[in-house]
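Listed here are the chains, written in short residue letters.
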Amino acid sequence: MQPEPALAPAPTPTVTTAEVVLTVAKVSKSFGDNHVLKDFSLVVHRGENLVVLGKSGSGKSVLIKCIIGLLQVDEGTITVLGQDVGALDYADLDRLRAKLGFLFQSNALYDSMTVNENLLFPLRRQWLTHTPAEEKDLVQQALEDVGLADTAEKLPAELSGGQRKRIALARTLILRPAIILYDEPTTGLDPITAREIDHLLREVQQKYNTSALIISHDMACVRLTADRVAVLIDGRCYAEGTYEELQRNEDPKIHEFFV
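Structural notes, computed from the coordinates. This is a predicted model, so every value here is computed, not measured.

### Regarding the packing of aromatic side chains
At step 1: In the structure shown here, the tally under the stated rule is three aromatic pairs.
At step 2: Aromatic pair Phe102 and Phe104: ring centres 4.5 Å apart, planes at 85°, arrangement edge-to-face.
At step 3: We note Lys29 situated over the ring of Phe31; from NZ or CZ to the ring centre the distance is 5.3 Å.

Quick look at the structure:
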């Protein structure tokens, strides 16, 4: 196996109330008798990568959908960049979403569009206008950020799985989001490519000081990307801490993730 490239340590966030950019407070969400989230709480601070760790089907993706307002919570509140998501009308919610980046597990690229067209799509659907020269510069910068500057005229089908993941991230970065939500960013990738994506997530954090909520059950991804980890068990935030702190935890429910 090839050795992993050296990785600079993530900056340790200085935690103050003023730097909280995302708050999930006592949120519950059920689908009939299936209680997915139960009194779930967490906070994300500016410049921090917070990983939500949980088994498949534990409610991680439901949490993201609640955060971006695709699902309404049954109880509790979600505050993003100082705004109560549940209290926003459609127009205000759409404006808030423009400040959030979202990396889909499936990448969600448009197969019939070139890479350039895929990146321009979110840029042109916002209320902000850019000149053609500005759009070209933004696309080029986003592609350079993910190491694929020469792919603008290619179709997604011409790219490898890892390259498509990078293009999906470039499409997220083009709007310069304050917070990025990553849904299982390494799912379906071979181990070497997955680790390259992990390193890229950290590079994005360090370059743009973005805050991120990363949904994952890939323990290598958790170890490489997380400043803090929140463990989602039985619908609740069962434990929080650094990767190393949780790795040393002797609670059987936590320990089984690290075996």
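That covers the picture; the talk isn't over yet.
### A closer look at the side chain of Asp227
At step 1: With respect to the secondary-structure elements, Asp227 resides in the loop between α7 (219-225) and β9 (228-233).
At step 2: Among buried charged residues, Asp227 stands out as having no salt bridge; its nearest opposite-charge side chain is Arg202, 5.7 Å away.
At step 3: A distance of 2.8 Å separates a polar atom in the side chain of Asp227 from the backbone nitrogen of Asn49.
At step 4: There is a polar contact of 2.8 Å between the side chain of Asp227 and the side chain of Gln205.

### Observations regarding helix α3 (residues 115-124)
At step 1: Residues of α3 that are buried: Val115, Asn118, Leu119, Leu120, Pro122 and Leu123.
At step 2: Where the residues of α3 are buried, they touch α4 (132-145) and α5 (161-173).

### Here's the deal with the environment of Lys29
At step 1: Turning to its location among the elements, Lys29 is positioned in strand β1 (residues 20-31).
At step 2: It is 9.2 Å that separates the C-alpha atoms of Lys29 and Phe40, two residues lying eleven residues apart in sequence.
At step 3: In this view, Lys29 contacts Asn34, His35, Val36, Leu37, Val62, Cys66, Leu71, Gln72, Val73 and Asp74; residues no more than four positions away in its chain are not counted.

### Quick word on unusual backbone geometry
At step 1: With a phi close to 55°, Asn209 is a non-glycine residue in the positive phi region.
At step 2: Residue position: Asn209 is located in the loop between α6 (191-208) and β8 (211-216).
At step 3: Even without glycine at this site, Asp234 takes up a positive phi of about 55°.
At step 4: Mapped onto the fold, Asp234 is located in the loop between β9 and β10 (236-241).

Definitions and limits used
Residues numbered from 1 in each chain as written. Predicted model: local features only at pLDDT ≥ 70, side-chain atom pairs only at ≥ 80, totals over all residues. Heavy atoms only, no water. Phe/Tyr/Trp six-rings, centres within 6.5 Å; stacked < 30°, edge-to-face > 60°. Lys NZ or Arg CZ within 6 Å of the ring centre and 35° of its normal. Helix = DSSP H or I, 4+ residues; strand = E, 2+ residues; numbered from the N terminus. Buried < 20%, exposed > 50% of the residue type's maximum accessible area, 1.4 Å probe, protein only. Lys, Arg positive; Asp, Glu negative; His and termini not counted. Salt bridge = Lys/Arg side-chain N within 4 Å of Asp/Glu carboxyl O. Polar contact = N/O pair within 3.5 Å; in protein donor to acceptor, adjacent residues only side chain to side chain. Contact = heavy atoms within 4.5 Å.

The values reported here are purely geometric and, on their own, carry no functional implication.
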